Amino acid sequence: MILRVVRRMSSSVDISALRIKYKEPKDIFHESSIEVKEPFHLFRKWFDEACSTPEIIEPNAMCLATATRDAFPSARFVLLKDITDQGFTFFTNYESRKAKELAENPNVALAFYWLPLRRSVRIEGTAERIPGAESAAYFHQRPRASQIGALASPQSRPIPSRDFLDQKERAIKEELGPDGEVPLPNWGGYLVRPAAVEFWQGQTNRLHDRIRFRKPAGPEEAVDGEVLHRGENGWIYERLAP
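Residues numbered from 1 in each chain as written. Predicted model: local features only at pLDDT ≥ 70, side-chain atom pairs only at ≥ 80, totals over all residues. Heavy atoms only, no water.

K.L.:
Just to check I follow, could you spell out the UniProt feature "domain: Pyridoxamine 5'-phosphate oxidase N-terminal" (unreviewed entry) in the protein chain for this structure?
P.N.:
Per the UniProt record, "domain: Pyridoxamine 5'-phosphate oxidase N-terminal" (unreviewed entry) is annotated on residues 56-167. The span residues 56-167 is 28% helical and 37% strand by assignment, and the distance between its end C-alpha atoms comes to 35 Å. (UniProt positions renumbered as here; feature names shortened; annotations may be inferred. Helix = DSSP H or I, 4+ residues; strand = E, 2+ residues; numbered from the N terminus.)

What follows is the structure, given as structure tokens:
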């Protein structure tokens, strides 16, 4: 006799039954709909649609995954603050956990999920610090309260209480007065240069669309025009099974 053990979830919700409708067959994401065959143009198009969708409150929220030199991973949400043909930029304290891991291992992954559009974008690449002048310029464009908060917070370090932060904030405000410039803390931006960008669109039948742009593995990699296609600006692209 074979005994089957069923593990019951502690949640009152039947998690196994949670599912939503995605796109219908008429909305399949075809390669022919990509006007420019490189990832930055398509990302901007999808991002603009996300920004124009009222249900998406924070379209620039993205999950950033980093790892130590020993490949121990960690992930958290940060905000995309710039997109160029070079890559994707975010900002953080240079003494934070993510910054320390980036110093050990520059390989990163980003993920966006825009539920109302049933779309996601995954990015894999390497991160590098942007020039200090650019970080300083962006820092001083932020709301003054955010500048003071960044200066007050020893990010990722253990602190004794919430009062500790509030006291530091009050002390900075008293020292600077209402008009004093907030000094730039050990803080700045990172540019993520992508090696691969995958665009995912959910289908209700679970035959989801996945189209990945990536840099060639080497000059010898064959582009057959059937499975692997030549894109623009040095990119190649392919459809992945869901």
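K.L.:
Explain the layout of surface pockets to me, please; I cannot follow it from the model alone.
P.N.:
Taken as a whole, the largest pocket spans an internal volume of roughly 330 Å³. The class makeup of the residues in the lining of the largest pocket is seven nonpolar, five polar and three charged. One number sums up the size of the second largest pocket: a volume of about 170 Å³. Lys-81, Asp-82, Thr-84, Gln-86, Thr-89, Phe-91, Ile-130, Glu-134, Tyr-138 and Leu-191 together form the lining of the second largest pocket. Every element with two or more residues in the lining of the second largest pocket is listed here: strand E4 (88-93) and helix H3 (132-139). A per-class count over the lining of the second largest pocket returns four nonpolar, three polar and three charged. (1 Å grid on protein atoms, 1.4 Å probe; cavity = no way out; pocket = protein on both sides within 12 Å on 5 of 7 lines; lining within 4 Å. Points joined across faces, edges and corners; volume = space filled by probe spheres on them. Nonpolar A, V, L, I, M, F, W, Y, C, P; charged D, E, K, R; others polar.)

K.L.:
Sorry if this is basic, but what is going on with the packing of aromatic side chains here?
P.N.:
Centre distance and the angle of the planes are the two values used to describe a pair of aromatic rings. All told, the structure shown has 19 aromatic pairs when counted by the stated rule. Aromatic side chains Phe-43 and Phe-47 sit 5.8 Å apart centroid to centroid with 15° between the ring planes, which places their arrangement in the stacked category. Here Phe-43 and its partner Phe-47 are both found in helix H1 (residues 39-51), four residues apart, which amounts to about one turn of the helix. Taking the centre distance of 6.1 Å and the plane angle of 90° together, the rings of Phe-199 and Phe-213 count as edge-to-face. Note that Phe-199 is positioned in strand E7 (residues 187-201) and Phe-213 in strand E8 (residues 209-214), a separation of 14 residues in sequence. With relative accessibility at 0%, the residue Phe-199 sits in the buried group. (Phe/Tyr/Trp six-rings, centres within 6.5 Å; stacked < 30°, edge-to-face > 60°. Buried < 20%, exposed > 50% of the residue type's maximum accessible area, 1.4 Å probe, protein only.)

K.L.:
It is not clear to me how the UniProt feature "domain: Pyridoxine 5'-phosphate oxidase dimerisation C-terminal" (unreviewed entry) in the protein chain should be interpreted in this structure. Could you clarify?
P.N.:
Those residues carrying the UniProt feature "domain: Pyridoxine 5'-phosphate oxidase dimerisation C-terminal" (unreviewed entry) are residues 187-242 in this numbering. For the annotated span residues 187-242, helix accounts for 0% and strand for 50% of the residues, and the straight-line distance between the end C-alpha atoms is 39 Å.

K.L.:
Help me understand the state of the cysteines in this model?
P.N.:
Here is the idea: a disulfide is a covalent bond, and it sits between the sulfur atoms of two cysteines. On inspection of all chains with the given rule, the structure shows zero disulfides. Unpaired in terms of disulfides, Cys-63 finds its nearest cysteine sulfur in Cys-51, a separation of 19 Å. (Disulfide = S-S within 2.5 Å.)

K.L.:
How do you make sense of the pairing of strand E10 (residues 236-239) when you look at a structure like this?
P.N.:
In summary, the side chains of a regular strand alternate between the two faces of the sheet. Bridging between E8 and E10 involves four bridges; their strand directions are antiparallel. By the bridge assignment for E10, Arg-212 is matched with Glu-238. Of the pairings in the sheet, the one linking strand E9 (residues 228-230) to E10 comprises three bridges and is antiparallel in character. Looking at the pairing, Leu-228 lines up with Glu-238 of E10. In textbook terms, the turn of a hairpin is the stretch between consecutive antiparallel strands, and for E9 and E10 this stretch comprises five residues, one of which, Asn-233, has a positive phi near 55°. (Pairing = 2+ DSSP bridges.)

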